[in-house]
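# Fold and geometry: a report
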Amino acid sequence: YTGGSAANEHEGIIRLHVIADSNRAKDQALKLKVRDAVIEYMEKQDDLDDADETREYLKNTLDRFETIANGVIASEGYDYTASADLGVRYIPQKTYGDITFPAGSYEALNITLGSGRGENWWCVLFPQMCLPVAFGEPLDDLGFSDEELRVLKSRPQYEPRFALLEWAYSIREN
């Protein structure tokens, strides 16, 4: 993964990256509990209308995300802590429900648990269209038209173009 000095190849998208302390089963389970707490918190921030507002909010509340993660860690009886930063990370191609995001460098809220040597978990923090997918909710419940869903669910045999997702987001906003 690259730190904050890499170029963001996907403007308008902010990912969530939670990195476990280790690959032990209990550390991996803790990672998912932290993920759930962060997603639950962010779902309440429904006044963030674009990536710039979300970025500013995240920059100004990194300590809040550390507090959330550290609360989960402490409640589960662990003695390590979490750190949070906002930076650019390389993310491999990921599919969320029926939507595939291409590999590349994305801006991400990175929450590292303990030593951060374990497997990680990714999601899309902004736009929030993929947060319900993390909990298994279908895309059909996100307010897309039939045509938008058809486009989003199609699986072309070539590398997905990010412009298609940007187009879908602009339609959804209008």
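Structure's up top.
What counts as what
- Residues numbered from 1 in each chain as written.
- Predicted model: local features only at pLDDT ≥ 70, side-chain atom pairs only at ≥ 80, totals over all residues.
- Heavy atoms only, no water.
- Helix = DSSP H or I, 4+ residues; strand = E, 2+ residues; numbered from the N terminus.
- Buried < 20%, exposed > 50% of the residue type's maximum accessible area, 1.4 Å probe, protein only.
- Contact = heavy atoms within 4.5 Å.
- Pairing = 2+ DSSP bridges.
- Axes fitted to C-alpha atoms, helices over the stretch in contact; angles between N-to-C directions.
- Phe/Tyr/Trp six-rings, centres within 6.5 Å; stacked < 30°, edge-to-face > 60°.
- Core = buried A, V, L, I, M, F, W, Y, C linked by side-chain atoms within 4.5 Å.
- Parallel < 35°, antiparallel > 145°, perpendicular 65-115°, else oblique.
- Left-handed = near helix turned anticlockwise from the far one by under 90°.
- Nonpolar A, V, L, I, M, F, W, Y, C, P; charged D, E, K, R; others polar.
- Salt bridge = Lys/Arg side-chain N within 4 Å of Asp/Glu carboxyl O.

## Looking at the environment of A20
Take A20: it is sitting in the loop between β1 (14–19) and α1 (25–43). Residue A20 is classed as buried on the basis of its relative accessible area, which comes to 0%. The sequence separation of A20 and K31 amounts to eleven residues, and the corresponding C-alpha distance is 5.3 Å. When neighbours within four sequence positions are excluded, A20 is seen to be in contact with D27, Q28, K31, L113, G116, R117, G118 and E119.

## Topic: the sheet that holds β1
Ordered by their spatial adjacency, four strands build an open sheet running β2-β5-β1-β6, and the pairing between neighbours is mixed. In this open sheet, the two edge strands, each paired with only one partner strand, are β2 (82–91) and β6 (120–126). Here the strands of the sheet are splayed against their neighbours by 30° on average, with no regard to which way each runs. Each of β1, β5 (104–113) and β6 is contacted by α1, which is oriented at about 5° to β6, the strand it contacts most. Across the sheet, helix α2 (residues 51–60) touches β1, β2, β5 and β6, and the angle it forms with β1 is around 35°.

## Quick notes on the packing of aromatic side chains
All chains considered together, the criterion is met by two aromatic pairs. Each ring, one from Y41 and one from F65, has its centre 5.6 Å from the other, and the planes form 90°; the classification is edge-to-face. One end of the pair, Y41, is in helix α1; the other, F65, is in helix α3 (residues 62–75), with 24 residues separating them in the sequence. As far as burial versus exposure is concerned, Y41 and F65 are alike and both buried.

## Quick word on the nonpolar core
Grouped together as the largest cluster of nonpolar side chains are 30 residues, with contacts concentrated most on L16, L58, F65, L109, I111 and L113. If you list the elements that add at least two residues to this core, you get β1, α1, α2, α3, β2, β5 and β6. Considering every element that reaches this core, the biggest residue donor is α1, with six residues. In this view, F65 contacts V38, Y41, M42, Y57, L58, A84, L109 and I111; residues no more than four positions away in its chain are not counted. Grouped together as the second largest cluster of nonpolar side chains are eight residues, I13, I91, Y106 and V124 included.

## Digging into the environment of W121
Secondary-structure assignment places W121 in strand β6. On the basis of relative accessibility, which here comes to 15%, the residue W121 falls in the buried class. The spatial distance from the C-alpha of W121 to the C-alpha of K31 is 7.9 Å, given a sequence separation of 90 residues.

## A look at the environment of R55
Positionally, R55 belongs in helix α2. Its relative accessible area of 13% is what places R55 among the buried residues. Sequence separation between R55 and A108 is 53 residues; the distance between their C-alpha atoms is 9.3 Å. If we ignore the near neighbours within four places in the chain, the residues touching R55 are E11, I14, L86 and E107.

## Some points on the packing of α1 against α3
At a minimum axis distance of 9 Å, the contact between α1 and α3 shows a crossing angle of 135°. Classified by the interaxial angle, the pair formed by α1 and α3 is oblique. Handedness of the crossing formed by α1 with α3: right-handed. Contacts from L30, K33, V34, A37, V38, Y41 and M42 of α1 reach α3 at R64, F65, I68, A69, V72 and I73. In terms of residue class, the contact of α1 with α3 is built from eleven nonpolar, no polar and two charged.

## Regarding the pattern of salt bridges
Oppositely charged side chains can form a pair if their charged atoms are brought close together. One pass over the structure, following the stated rule, counts eight salt bridges. A salt bridge links D27 to R24, with the nearest nitrogen and oxygen atoms 2.8 Å apart. What makes R24 partly exposed here is its relative accessible area of 44%. Linking E107 and R55 is a salt bridge whose minimum nitrogen-to-oxygen distance equals 2.9 Å.

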